[in-house]
Amino acid sequence: MVFEAIVSGVILLALGYWATMFVMGRRDDVLHGKFVEDEPATELVRFMPRAQPAAAQPNKDSLQALLTVIKRDLNDAARS
């Protein structure tokens, strides 16, 4: 009984796969059992990354202000 159920399940799975491929238009896969690869693109598309603008060098005042803000945040975190 279990063996017949397994065989029936495999047959139903194969029929479902065949029907899905047929509906999707992959009839060559269905008829010949081999997968057809898509045609390669005729035009090559190259990715050229944009050049990053050079970052401005921080001056002493901006670094000092950043350090002050970080210290204030750390003190607030330590209090809570």
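Up top is the structure.
Trainee: Can you walk me through the overall build of the chain in this structure?
Mentor: Along its length, the chain carries three helices and zero strands. Start at the N end of the chain and walk to the C end: the helices and strands fall as α-α-α. Taking all 80 residues of the chain together, the buried fraction comes to 4%. Accessible area of the chain: about 8,300 Å², with a carbon and sulfur share of 64%.

Trainee: Sorry, what's going on with a nonpolar patch on the surface here?
Mentor: Together, Phe3, Val7, Ile11, Leu12 and Leu15 make up an exposed nonpolar region whose accessible area comes to about 520 Å². You can see Leu12 is positioned in helix 1 (residues 2-23).

Trainee: Any chance you could explain helix 1 here in plain terms?
Mentor: An α-helical segment advances 3.6 residues per turn. Residues three or four places apart therefore align on the same side. Across its 22 residues, helix 1 extends 31 Å between first and last C-alpha, which sits within 8% of the 32 Å expected from 1.5 Å per residue. Two residues or fewer past helix 1, Gly25 is found with a positive phi of approximately 90°.

Rules used in this analysis
- Once a new chain begins, its residue numbering starts again from 1 and follows that chain's sequence as written.
- In view of the model being predicted, local features appear only for residues whose pLDDT reaches at least 70, and side-chain atom pairs are presented and counted only at 80 or more, with totals across whole chains, interfaces and linings using the full set of residues.
- Here the side-chain values reflect all heavy atoms present in the structure, with hydrogen atoms and water set aside.
- Note on conventions: DSSP H or I runs of at least 4 residues are helices, E runs of at least 2 residues are strands, and numbering of each starts at the N terminus.
- Burial status follows relative accessibility: with a 1.4 Å probe on protein chains alone, a residue under 20% of its type maximum counts as buried, one over 50% as exposed, and anything between as partly exposed.
- Areas reported as accessible are Shrake-Rupley estimates using a 1.4 Å probe. Residue values count occlusion only from the protein chains shown.
- Only residues whose relative accessible area exceeds 30% and that form no salt bridge are eligible for patches; like-charged ones are grouped when within 9 Å, while nonpolar side chains (Val, Leu, Ile, Met, Phe, Trp, Tyr) are grouped when within 5 Å.
- We define a salt bridge as a contact between a side-chain nitrogen of Lys or Arg and a carboxyl oxygen of Asp or Glu at a distance within 4 Å.
- Here a helix's expected span is defined as the number of its residues, less one, multiplied by 1.5 Å.

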